[in-house]
Amino acid sequence: MLRTPQFTLHSIKGQVGSLFLVEYPTKLLLLDSGCATDVPTVQKYIRHTLCRPLSDVALVMVTHVHPDHMGGGHLWRGAGVPIAAPSDLNRWYAGAHGCVQHRAHISLAYYFGQTEHKYLGTVPSSVVRQHGFAQKYGATNSAVLLPFWLFLASLPILLYYPRHLPLHYPLHDNSLLPMFEDWQVMLAPGHTSHQMVVYHKQEQILYASDLLLQHKKRFSIPFPIDFPKWHIHTLERLKSLPVKSLLLAHGGLVDIEAPQGFQHILQPLIDRMHTPYLSPLHRWVRRLFFPHFTKEIRRVKREGLHLPK
């Protein structure tokens, strides 16, 4: 938890990573929706921990299209919550090849979620109830252990999300968040062509999404990087930002005390990006789960991308 004069920032453990909820006196801002299975977790936190109605959620900001960031977007939208996201968000999974990549990403999210939680088949009981498994398997605790075959069979139901998310607020580089004008979004291509980060200038807080990761107190490059040169450009552009608090979807809240601490974090990653940083195994996984023949990747590589300065 991080308290400021204007708001309180809450970190919520999700199926794959961390979710960040910004609490104002009269409204709530959710930074990324997480997986579809994270929506009941966030809603329970709002109702029981914050003791606030779900109607206080004024906006969900989706930074990019991957399942651990956009997976719950359609559920929040169905609940009447406006969605803000990059204007090119829905191009990523377009076409038949985009559909294949979408299904592969859901499978990969399942793998990383189970690796992180260490228990194969553990899902929130509220999600299990929604899909009719509670009566037969007694989902009365905060989580239930389903038989392996049952969880695999229910995987498309539990983690599936539409690859197209209608937006209330399409965003561009340097846009201000609707209803939360103290937060600014910046285009950060590399991990995808459309990823954005969210910055609060006054409090010097940066939600970096998947710009970088932290594991066992070590910072690293996310996987995959579809556009390495653009990712280097993004890191170079953002390293001069004054950042006191860094919010990582995979790494949680990081306090930066040194005046140039953020630059010292990013510079080794920039240096590493200039070297072959993928092992043969990672290259094989990248070809399998992140094919470079989708309609959007072909378009972006053909037409190029207007990189922000």
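Conventions used here
- Residues numbered from 1 in each chain as written.
- Predicted model: local features only at pLDDT ≥ 70, side-chain atom pairs only at ≥ 80, totals over all residues.
- Heavy atoms only, no water.
- Pairing = 2+ DSSP bridges.
- Helix = DSSP H or I, 4+ residues; strand = E, 2+ residues; numbered from the N terminus.
- 1 Å grid on protein atoms, 1.4 Å probe; cavity = no way out; pocket = protein on both sides within 12 Å on 5 of 7 lines; lining within 4 Å.
- Points joined across faces, edges and corners; volume = space filled by probe spheres on them.
- Nonpolar A, V, L, I, M, F, W, Y, C, P; charged D, E, K, R; others polar.
- Buried < 20%, exposed > 50% of the residue type's maximum accessible area, 1.4 Å probe, protein only.
- Lys, Arg positive; Asp, Glu negative; His and termini not counted.
- Salt bridge = Lys/Arg side-chain N within 4 Å of Asp/Glu carboxyl O.
- Contact = heavy atoms within 4.5 Å.
- pLDDT = per-residue confidence, 0-100.
- Axes fitted to C-alpha atoms, helices over the stretch in contact; angles between N-to-C directions.
- Phe/Tyr/Trp six-rings, centres within 6.5 Å; stacked < 30°, edge-to-face > 60°.
- Lys NZ or Arg CZ within 6 Å of the ring centre and 35° of its normal.

Undergrad: Report on the sheet that holds strand β10 (residues 176-177), specifying residues and quantitative values.
TA: Taken in spatial order, the six strands line up as β10-β11-β12-β13-β16-β17 in an open sheet, and their pairing is mixed. Of all strands in the sheet, those with a lone pairing partner are β10 and β17 (252-255), marking the two edges. Bridge count for strand β16 (residues 245-248) against β17 is four bridges, and the pairing is antiparallel. In the strand pairing of β17, L247 is matched with L253.

Undergrad: So what about empty space enclosed by the protein? Which residues, and what values?
TA: Across all of its chains, the model carries one cavity of 30 Å³ or more by this definition. Size it by volume and the largest cavity reaches roughly 70 Å³. If you go around the largest cavity, you meet 14 residues; those closest to its centre are G17, S18, L19, G34 and D68. Mapped onto the lining of the largest cavity, the elements with two or more residues apiece are β3 (18-23) and α2 (67-70). Counted by class, the lining of the largest cavity contains five nonpolar, seven polar and two charged residues.

Undergrad: Break down the side chain of E203 for me, with residues and values.
TA: By secondary structure assignment, the location of E203 is in the loop between β12 (196-200) and β13 (205-207). Buried and without a salt bridge, E203 has K244 as its closest oppositely charged side chain, separated by 6.9 Å. Not counting residues within four places of it along the chain, the set of residues in contact with E203 comprises T4, P5, Q6, F7 and K244.

Undergrad: So what's going on with the confidence of the model for the chain? Which residues, and what values?
TA: For the chain, mean pLDDT is 82; residues scoring 70 or higher make up 76% of the total. Here residues 117-154 is a poorly scored stretch, pLDDT under 50, and it has 62 contacts once near neighbours within four places are set aside; other chains count.

Undergrad: So, unusual backbone geometry: which residues are in play, and what are the values?
TA: The phi angle at N174 is positive, at roughly 70 degrees, despite the residue not being glycine. Within the element layout of this structure, N174 appears in the loop between β9 (169-171) and β10. If you check the backbone angles, M179 has positive phi at about 70 degrees while not being a glycine. Relative to the helices and strands, M179 is located in the loop between β10 and β11 (180-187). Since its relative accessible area comes to 31%, M179 is described here as partly exposed.

Undergrad: Would you mind going over helix α1 (residues 39-49) in detail, with residue names and values included?
TA: An α-helix turns once per 3.6 residues; consequently, residues spaced three or four apart project the same way. Taken as a whole, α1 has its buried residues at V39, P40, V42, Q43, Y45 and I46. Residue C51 follows α1 closely and has a positive phi angle near 55 degrees.

Undergrad: Quick rundown of the sheet that holds strand β1 (residues 2-3)? Include the residues and the values.
TA: Ordered by their spatial adjacency, seven strands build an open sheet running β1-β2-β3-β4-β5-β6-β9, and the pairing between neighbours is mixed. Because the sheet does not close on itself, it has two edges, and the strands there are β1 and β9. As paired strands, strand β4 (residues 28-31) and strand β5 (residues 57-61) are joined by four bridges and run parallel to one another. Each residue of the ladder has a partner; that of L30, found in β5, is V60. The strands touched by α1 are β2 (8-13), β3, β4 and β5; relative to β2, the strand with the most contacts, the crossing angle is about 140 degrees.

Undergrad: So, the packing of aromatic side chains: which residues are in play, and what are the values?
TA: One pass over the structure, following the stated rule, counts six aromatic pairs. Geometrically, the ring pair formed by F7 and Y24 is tilted, given 5.4 Å between the ring centres and 45 degrees between the ring planes. Here Y24 lies in the loop between β3 and β4 and F7 lies in the loop between β1 and β2, a separation of 17 residues in the sequence. The exposure class of F7 is buried, given its relative accessible area of 2%. Three or more aromatic residues joined by ring pairs make a cluster, and in this case those are F7, Y24, F180 and W183. In this structure, K27 packs its charged tip against the face of Y24, placed 5.8 Å from the ring centre.

Undergrad: Can you lay out the pairing of β12 for me, pointing to particular residues and giving the numbers?
TA: By the criterion of burial, β12 is predominantly enclosed, with five of the five residues buried. Residues M196, V198 and H200 point to one face of β12 and V197 and Y199 to the other, with burial holding for every one of them. Here five bridges tie β11 to β12, and the two strands are oriented antiparallel to one another. Note that in β12 the partner of V185 across the bridge is V198. When β12 meets β13, the two strands line up antiparallel, connected through three bridges. Its bridge partner lying in β13, Y199 is registered against L206. Counted between consecutive antiparallel strands, the loop separating β12 from β13 contains four residues, among which Q204 sits at a positive phi close to 55 degrees.

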